[in-house]
Amino acid sequence: ASLVVRLETPEVLVVDKPSGQPTAPLRPEETGTLANALLGRYPELTGIGYGAREPGIVHRLDTDTSGLVVVARTAAAFETLKQALKDDLIQKTYLLVCLEAGLPETGTIEFPITNHPKDQRRVYACVHPRDVMRYAPRPATTTYEVVRKKGVNALVQVKVSRALRHQIRAHFAAIDHPLIGDLLYGGPMVEGLKRHALHASRI
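Being a predicted model, the structure only gives us computed values, none of them experimental. (Residues numbered from 1 in each chain as written. Predicted model: local features only at pLDDT ≥ 70, side-chain atom pairs only at ≥ 80, totals over all residues. Heavy atoms only, no water.)

S.K.: Where do I start with helix 4 (residues 167-174) in this structure?
M.R.: Each α-helix turn comprises 3.6 residues. Residues three or four places apart therefore point the same way. With respect to burial, helix 4 is a largely interior element, six of its eight residues being buried. Every buried residue of helix 4 is accounted for by Gln 167, Ile 168, Arg 169, Ala 170, His 171 and Phe 172. Immediately downstream of helix 4, the backbone of Asp 176 shows phi near 65 degrees, a positive value. (Buried < 20%, exposed > 50% of the residue type's maximum accessible area, 1.4 Å probe, protein only. Helix = DSSP H or I, 4+ residues; strand = E, 2+ residues; numbered from the N terminus.)

Take a look at the structure:
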C-alpha cells in the first residue's frame, strides 16, 4: 500500500490513512495495513510503540475512517506523545456528514461510552443514568459545529482530545444524527458511498 506522508520530522510522522485500510494488523500474517506501509518506508519504527503490530503508532482510526494518524519515530517521542494523549493535550479535528434535520448549530455530546453488551462490533453510548450505573462506562466528550448545510445533510466539524473507539459515530447516533453511510449505527445508505462519512482532518 502506498503511504501518504503529511509531516515528517526526525521524531514524528503524520500520515494520511485512506478509508478501507486497517491501522494495524489483527493477525501476525496480515498485510495491507497502515503499519505494514510504515515499516516498508521507515524500518527504524520496529520496536517502537505499544507492540510489534503497531510500529510507532500513537492512536488508531477505524478501518473505514480516513485521515491523519500520528506516528513516533523514536522511543522517546513515543513516550512523550503517549503521555500527551493521556493528558488530553492532543486535539483532533474531524469532518463528518450526517442528517441535518433539527441538529443545533453547535453542541457538546457527553454520553459516556462502554462496549456494547450484545454486539462486539459496536460501542454503546450510555444516555440513561441507569446504564451508567450498570456498565461503568468511560467518559467521552465530543464538541461539534455545523460548517454548512446542503439538502438534507450537514457537514460538521468535530473536536475531541481523546477519542474512544467509535466515539464520534456512537455519539451522533445517540442524538439521532447518525453519520451518512454508517450502517452499523443506523446511518442512511447513500448510493456510491461504501463507508461512513468521517475524516480525521487535523491534529
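Moving on, there is more to tell.
S.K.: What is the right way to look at the sheet that holds strand 8 (residues 142-150) in this model?
M.R.: In sheet architecture, strand pairing relies on hydrogen bonds along the backbone and comes in two forms, parallel and antiparallel. Taken in spatial order, the eight strands make up an open sheet running 1-2-3-10-4-9-8-5, and their pairing is mixed. Edge positions in the open sheet fall to strand 1 (4-8) and strand 5 (106-109), since each of these has one partner strand only. Pairwise comparison of adjacent strand axes, ignoring direction, gives a mean angle of 30 degrees for this sheet. When strand 4 (residues 92-99) meets strand 9 (residues 153-160), the two strands line up antiparallel, connected through eight bridges. Bridge pairing in strand 9 places Leu 99 opposite Asn 153. Docked against the sheet, helix 2 (residues 75-86) engages strand 2 (12-17), strand 3 (66-72) and strand 4, running at close to 125 degrees with respect to strand 3. (Pairing = 2+ DSSP bridges. Axes fitted to C-alpha atoms, helices over the stretch in contact; angles between N-to-C directions. Contact = heavy atoms within 4.5 Å.)

None of this, on its own, says anything about what the molecule does.
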